[in-house]
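Commentary on secondary and tertiary structure
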Amino acid sequence: MMKKHSWAEPYKIKMVELLKITTLPQRRKAIDNAGYNTFLLKSEDVYIDLLTDSGTSAMSDQQWAGMMLGDEAYAGSANFYHLEKVVQEVYGYKYMIPTHQGRGAENILSQVMIKKGDIIPGNMYFTTTRLHQELAGGVFHDIIIEEAHDAANYHPFKGDVDLNKLEALVKEYGADKIPYVCIAVTVNMAGGQPISMGNLKALRAYTENLGIKIILDMTRIAENAYFIQNREPGYAQRSIRSLVKEICSYTDGATMSAKKDALVNIGGFLALNNTDAYEEASNLVVVYEGLHTYGGLAGRDMEAMAIGIKESISDAHIKARIGQVIYLGEQMKQMDIPITEPIGGHGIFIDAKRFLPHLHQELFPAQALAAELFIDAGIRTMERGIVSAGRNAKTGENYCPKLELVRLTIPRRVYTQAHMDVIAESVCNVYDNRKKIKGLKMVYEPKYLRFFQARFEKIK
Ligand SMILES: *Cc1c(COP(=O)(O)O)cnc(C)c1O
């Protein structure tokens, strides 16, 4: 008999949250009331919620116990010192400033490090990160490898930097115009794709001589470490903990949204090694977040984060976390559902262009597909295509992005393998009936970030 080595969750369930099971007519009514926009659905009408992995993780009993140890002193809370110690030990950075979430850290970092007219190269943009760079007077430049822009390209490290693209920027603008390179681990907008240790080392060697710093967007660093352990030659025997620390060792600081990898519902921080930059940041945080020993968080939130960080770098945890995502992706591949490959760290991205080839992009295929997935079994997903891309502010024309995707993001430690089976079966059911999907018409379009609040009607 063939030996199998199945993964399983390294925890058991102590408390459950009951889900409402709805009927088909109820779901049809709910999505119609929501203007065919999954952001406008009520959470209580959703059966399996795959809208995002941000702030949706299940905390452990240890984290909940930690919440009771909240020291809610205005200044110098014991939980701050615990969190600081964990950040120093796990990631190796010298200084840590808590913030209410990732974008709070991005704001402060950008104001401290960017001068007007500076160039900020990065391995693909992230919405809030780029906005804060721009608000501080910087200009973002994408230096990710070309393979990252192709959903069907099977490159193991689609988050890698193209050093030639960086060199071209250095030649054009000069190294003194580039305060730092912003490196995401893993790259969210490319579908949770990792950067390799080899690429990061080469980037460090190149930038060090030029005086260019490296700042990590370390939101999903443990997931990135897992891909290095499993795909990059020479790293198979290394622990996630040691890989996480090595990644950080090639960088000068980091912004963290603890709502993802660090297994909490709210929180983030800024980490730095340079004393001058830290002193400036710890002064600025008072303006935007709160005193540098709480940064907009309650003491209990910092305690849950300190414990969550330690749990996030356990090999057993991350193996099961990504194992579940890959399990779902493999199920969908077996059913011939077109998805982005290789399968990323935090979710499955369905290629709506290949799923609904009969729909023109102006009929919002990914938006329509997300609505159909909700109607079929109450599964909530998110559009990442023409609606999210928005319009050109000058010409008023829709941006027509190459990627027209529906994102199925998996919250950490929340759903079971049986839920994954239900999701795959529902996607398959919608796929069998895909020719009946006619697309949508936008009937209300808000001015900013329209995907959050736009409303649609079904084309009859
Ligand atoms: C979520 C996210 C952020 C922003 O963090 P918030 O906690 O939502 O403010 C930044 N970068 C990446 C890659 C993210 O996924």
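The structure presented is a predicted model; accordingly, all values stated were derived computationally and were not measured.

Moving on to the site of the ligand. As a structural note, the neighbourhood of the ligand is formed by 14 residues, with G102, R103, D217, S257 and K260 the closest of them. At a separation of 2.9 Å, an oxygen atom of the ligand approaches a polar backbone atom of G102. Interatomic distance of 3.0 Å between a side-chain N/O atom of R220 and an oxygen atom of the ligand. Computed on the free molecule, the ligand has an accessible area of 370 Å², of which 96% lies beneath the protein chains in the complex. For the shell around the ligand, the secondary structure elements donating two or more residues are helix 4 (102-113) and helix 5 (127-135).

Residue T186 is reached from V185 by a cis peptide bond, and omega for that bond is -15°. Relative to the helices and strands, T186 is located in the loop between strand 5 (180-184) and helix 7 (197-210). Cis geometry is found at the peptide bond from E341 to P342, where omega equals -5°. Summarising the element assignment, P342 is placed in the loop between helix 12 (315-334) and strand 9 (347-351). A positive phi angle is found at D336, which is not glycine, with a value near 65°. Relative to the helices and strands, D336 resides in the loop between helix 12 and strand 9. Taking the relative accessible area as the measure of exposure, D336 reaches 58% and is therefore exposed.

This paragraph deals with the pattern of salt bridges. Evaluated as defined, the whole model comprises 24 salt bridges. A salt bridge links R220 to D53, with the shortest nitrogen-to-oxygen separation between them at 3.0 Å. A residue pair is termed long-range when its members are at least 10 positions apart, and R220 in the loop between strand 6 (213-217) and helix 8 (221-231) and D53 in the loop between strand 1 (48-49) and helix 2 (61-67) qualify at 167 residues. Among the residues examined, R220 registers a relative accessible area of 3% and is labelled buried. A salt bridge links K333 to E341; the shortest N-O distance between them is 3.0 Å. A cluster of three or more residues bridged by salt bridges with shared partners is formed by D53, R220, E223, D261, R321 and R412.

Orientation of helix 6 (residues 163-173) relative to helix 7, taken along the N-to-C sense of each, is 15°, at an axis distance of 11 Å. Judged on the interaxial angle alone, helix 7 and helix 6 are roughly parallel. Crossing hand, helix 6 versus helix 7: right-handed. Contact residues: L163, L166, E167 and V170 in helix 6; A202, L203, Y206, T207 and L210 in helix 7. Taken together, the residues of the contact of helix 6 with helix 7 break down into seven nonpolar, one polar and one charged.

Below, the discussion takes up the environment of A368. Within the fold, A368 resides in helix 14 (residues 365-377). By relative accessible area, A368 is classed as buried at 3%. Put simply, A368 and V406 are 38 residues apart on the chain and 9.6 Å apart in space, counted from C-alpha to C-alpha.

In this section: helix 4. With twelve residues, helix 4 should reach 16 Å at 1.5 Å per residue; the first-to-last C-alpha distance of 16 Å fits that figure. Burial in helix 4 covers these residues: G102, G104, A105, E106, N107, I108, L109, S110, V112 and M113.

All chains considered together, the criterion is met by ten aromatic pairs. On the numbers, 5.0 Å between centres and 80° between planes, the contact of F80 with Y81 is edge-to-face. Taking the relative accessible area as the measure of exposure, F80 reaches 4% and is therefore buried. Linked through ring pairs, F39, F451 and F452 together constitute an aromatic cluster. Positioned above the aromatic ring of Y125, the side-chain terminus of R130 is 3.9 Å from the ring centre. Seen from the ring of F451, R384 lies directly overhead, with NZ or CZ sitting 5.0 Å from the centre.

What counts, and at which threshold
- Residues numbered from 1 in each chain as written.
- Predicted model: local features only at pLDDT ≥ 70, side-chain atom pairs only at ≥ 80, totals over all residues.
- Heavy atoms only, no water.
- Near = heavy atom within 4 Å.
- Polar contact = N/O pair within 3.5 Å; in protein donor to acceptor, adjacent residues only side chain to side chain.
- Areas by Shrake-Rupley, 256 points an atom, 1.4 Å probe, with all protein chains shown as cover.
- Helix = DSSP H or I, 4+ residues; strand = E, 2+ residues; numbered from the N terminus.
- Buried < 20%, exposed > 50% of the residue type's maximum accessible area, 1.4 Å probe, protein only.
- Salt bridge = Lys/Arg side-chain N within 4 Å of Asp/Glu carboxyl O.
- Axes fitted to C-alpha atoms, helices over the stretch in contact; angles between N-to-C directions.
- Parallel < 35°, antiparallel > 145°, perpendicular 65-115°, else oblique.
- Left-handed = near helix turned anticlockwise from the far one by under 90°.
- Contact = heavy atoms within 4.5 Å.
- Nonpolar A, V, L, I, M, F, W, Y, C, P; charged D, E, K, R; others polar.
- Expected span 1.5 Å × (residues − 1).
- Phe/Tyr/Trp six-rings, centres within 6.5 Å; stacked < 30°, edge-to-face > 60°.
- Lys NZ or Arg CZ within 6 Å of the ring centre and 35° of its normal.

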